[in-house]
Amino acid sequence: MNKRKKVAIISLPLMYNYGGFLQSYALMEILRQWDYEPTLLVRERDKKSSLSKRLVFFIKSFLEYIGLGCLVYEFEKKTNSGLFFKTRNFRIFKKKYIRNISPTFTSTNELEYYCRKRNFDIYITGSDQIWRKNYMPSLNDAFLGFVSNEKVKIAYAPSFGTETWDFDDEETLFILNQLSSFKAISVREKDGINLIKNHLDISNSVVQVLDPTFLLPCSHYLQLADSVKRNGTLLYLLENDSKKQLIIDYFSKTYSQSLYSVINSETNLNNSIREAQGYPVECWLAGFRDANYVITDSFHAIVFSIIFQKPFWVFENPLRGNSRIYGVLDLFNLTNRLISCNQDYHSINWTENIDWEKVNSRKEELVHFSTLFLKKSLT
């Protein structure tokens, strides 16, 4: 009987980001369905917590483990301190669905030692903005510099997050040397292909593939979503401002749409712990399932609007990266769903329908190509 091959995946740290959690889950779930044994590597920045902080975290984790987590949550809410209560729902999802996760590493040496001990067969870097310079915890590790060249190395749908090359000459040379040892290279955006083509002289072919979340069918996410029913327009904004709010208010009033959200805005405020628990991932998914429309400025909200076949409009989001928003809209010929930063709401064609037959046909084609790329790369 053949032994299941062990696959190590490195992506951005799971920092309570719904899209980040779901893309990691989707890639691991696909690999599990194909009878691989995936493990998510947790690599954070080279900054160790103080001994006292680590001890407090251990105590909180232990209390939660033995069923006394409520004491921790009440203490944090009363003192307005700590993150354990705030992030509880994400830990539950991690434990239940992502499952195989490494300890948290803050250095390449720690990561390398762990991987050598576990003896992984295959290493994957991706997806999400793991190749965005300002986001990656370690340039070396994002490009699998800790992995021996004898191992299979794959890039599946990493994103640079931008259309500009942010690396200096020394970093560029390092990336060139690393990617030359990869068995297969794919990126999530067309901009990523152009960046590699224009700045790296590598012989490896580079292709564009879908974000892993697309690889699972809608029915799979419906099984994960909670049973609470919502009604109205889903408003999912990562960066709100007065211009966006003006457009949103106009839409809501003109088309008699009540608005609801699946993100607790208070969770992003460091000075607000009380009652600021992040909503469960299952609630986030149900928000898309039940939406009449979706208004967003998020890449993964576009993805799940397409998966759940919900008419959507997306604002530009320069702070978090427009390249990936433009990229996914272009891929599905949905650039007409984009609302520019200074657009007059009267010029938006709110009644324009999406041709879901064409979109689904395109999705099927791209899922087939992306799945085939990943399967071939692994074997």
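For every chain, the first residue of its written sequence is number 1, and the numbers climb from 1 along that sequence. Local features in this predicted model are restricted to residues of pLDDT 70 or higher, and side-chain atom pairs are both shown and tallied only at a pLDDT of 80 or more, whereas totals for entire chains, interfaces and linings draw on every residue. Note: side-chain values were computed over all heavy atoms of the structure, leaving out hydrogens and water.

### A word on the environment of T233
Moving on, step 1. Numbered from the N terminus, helices here are DSSP runs of H or I no shorter than four residues, and strands are runs of E no shorter than two. By secondary structure assignment, the location of T233 is in strand β8 (residues 233-236).
Moving on, step 2. Between the alpha carbons of T233 and S258 there is a distance of 6.1 Å; along the sequence they are 25 residues apart.
Moving on, step 3. For T233, the contacting residues outside a window of four places in its chain are F251, Q257, S258, L259, Y260, Y293, V294 and I295.
Moving on, step 4. A distance of 2.8 Å separates the side chain of T233 from the side chain of Q257, its partner in a polar contact. In what follows, residue pairs with any heavy atoms lying within 4.5 Å of each other are defined as contacts. A 3.5 Å cut-off defines polar contacts: any pair of N or O atoms within that distance qualifies, except that in protein one atom must be a possible hydrogen donor and the other a possible acceptor, and neighbouring residues in sequence count only when both atoms are side-chain atoms.

### Some words on the pattern of salt bridges
Moving on, step 1. Salt bridge, as applied in this entry: a Lys or Arg side-chain nitrogen positioned within 4 Å of an Asp or Glu carboxyl oxygen. A full pass over the atoms with the stated rule returns 15 salt bridges.
Moving on, step 2. Close ionic contact of R32 with E29 constitutes a salt bridge, the shortest N to O distance being 3.4 Å. Here E29 and R32 lie together in helix α1 (residues 18-33), a separation of three residues that amounts to about one turn.
Moving on, step 3. Since its relative accessible area comes to 14%, E29 is described here as buried.
Moving on, step 4. R188 is the partner of D211 in a salt bridge, and the nearest nitrogen-oxygen pair spans 2.9 Å. In this pair, D211 sits in the loop between β7 (206-208) and α9 (218-224) while R188 sits in the loop between β6 (184-187) and α8 (190-199), placing the two residues 23 residues apart along the sequence.
Moving on, step 5. Burial classes: relative accessible area under 20% of the type maximum marks a residue as buried, over 50% as exposed, and values in between as partly exposed (1.4 Å probe, protein chains only). Under the relative-accessibility criterion, D211 is labelled buried at 1%.
Moving on, step 6. On the accessibility criterion, R188 (4% relative accessible area) is buried.
Moving on, step 7. The network of salt bridges with common partners includes D128, R188, E189 and D211.

### Some thoughts on the nonpolar core
Moving on, step 1. Counting residues in hydrophobic clusters, the biggest one holds 69 residues, and the most contacted among them are I124, Y221, F304 and F332.
Moving on, step 2. Residues in contact with I124, not counting those within four places in the same chain, are V7, A8, I9, I10, L27, L31, I154, Y156, L374 and L378. Residues enter a nonpolar core if they are buried and are Ala, Val, Leu, Ile, Met, Phe, Trp, Tyr or Cys, with the set joined through side-chain atoms within 4.5 Å.

### Details of the pairing of strand β1 (residues 6-10)
Moving on, step 1. Burial analysis of β1 places five of its five residues in the buried class, which makes it a mostly covered element.
Moving on, step 2. Residue alternation in β1 divides its side chains into two sets, K6, A8 and I10 and V7 and I9, and both sets are buried.
Moving on, step 3. Two strands are counted as paired when DSSP detects at least two bridges linking them. For β1 and strand β2 (residues 37-43), the ladder comprises five bridges, and the chain directions are parallel. Its bridge partner being in β2, I9 is matched across the sheet by L40.

### A look at helix α5 (residues 108-118)
Moving on, step 1. What α5 keeps buried is the set L111, Y114 and C115. Around the axis of α5, the buried residues are gathered within 95° of arc, so they sit on the same side. In α5, the exposed residues that point more than 90 degrees away from the buried face are N109, R116 and K117.
Moving on, step 2. Buried residues belonging to α5 abut β1, β2, β3 (101-105), β4 (122-125) and α6 (139-142).
Moving on, step 3. N119 occupies a position one or two residues after α5 and carries a positive phi of about 55°. Directions from the helix axis toward the C-beta atoms define the arc.

### A word on the packing of aromatic side chains
Moving on, step 1. Here a Phe, Tyr or Trp ring, Trp counted by its six-membered ring, pairs with any other such ring whose centre lies within 6.5 Å, and the pair is stacked when the planes are under 30 degrees apart, edge-to-face when over 60, and tilted otherwise. Evaluation of the coordinates by the stated rule reveals 32 aromatic pairs.
Moving on, step 2. A ring pair is formed by F105 and Y114, whose centres lie 5.1 Å apart and whose planes are at 50°; its orientation type is tilted. Each of the two residues, F105 as well as Y114, counts as buried.
Moving on, step 3. Residues W131 and F160 carry aromatic rings whose centres are separated by 5.4 Å and whose planes lie at 50° to one another, so their mutual orientation is tilted. Residue W131 is located in the loop between β4 and α6, and its partner F160 is located in the loop between β5 (152-155) and α7 (169-179); the two are separated by 29 residues in the primary sequence.
Moving on, step 4. Through successive ring pairs, a cluster of aromatic residues spans Y18, F21, Y25, F90, F93, Y97, Y221, Y236, W284, F288, F304 and F308.
Moving on, step 5. Charge-over-ring contacts are defined here by two conditions on Lys NZ or Arg CZ: a distance within 6 Å of the ring centre and an angle within 35 degrees of the ring normal. Over the face of the ring belonging to F84 we find R91, whose NZ or CZ atom lies 3.7 Å from the ring centre.

### Comments concerning the sheet that holds β1
Moving on, step 1. Read across the open sheet, the seven strands follow the order β3-β2-β1-β4-β5-β6-β7; overall the sheet is parallel. The open sheet has two edge strands with one neighbour each: β3 and β7. Averaged over neighbouring strand pairs, the angle between their axes works out to 25° when direction is ignored.
Moving on, step 2. In terms of strand pairing, β1 meets β4 through four bridges, oriented parallel. Residue pairing in the sheet places A8 in a bridge with Y123 of β4.
Moving on, step 3. Relative to β2, α5 is tilted by about 165°, and along the sheet it contacts β1, β2, β3 and β4. Angular values range over 0 to 180 degrees, each being the angle between N-to-C directions of two axes fitted as lines to C-alpha atoms, with helices fitted over their stretch in contact.

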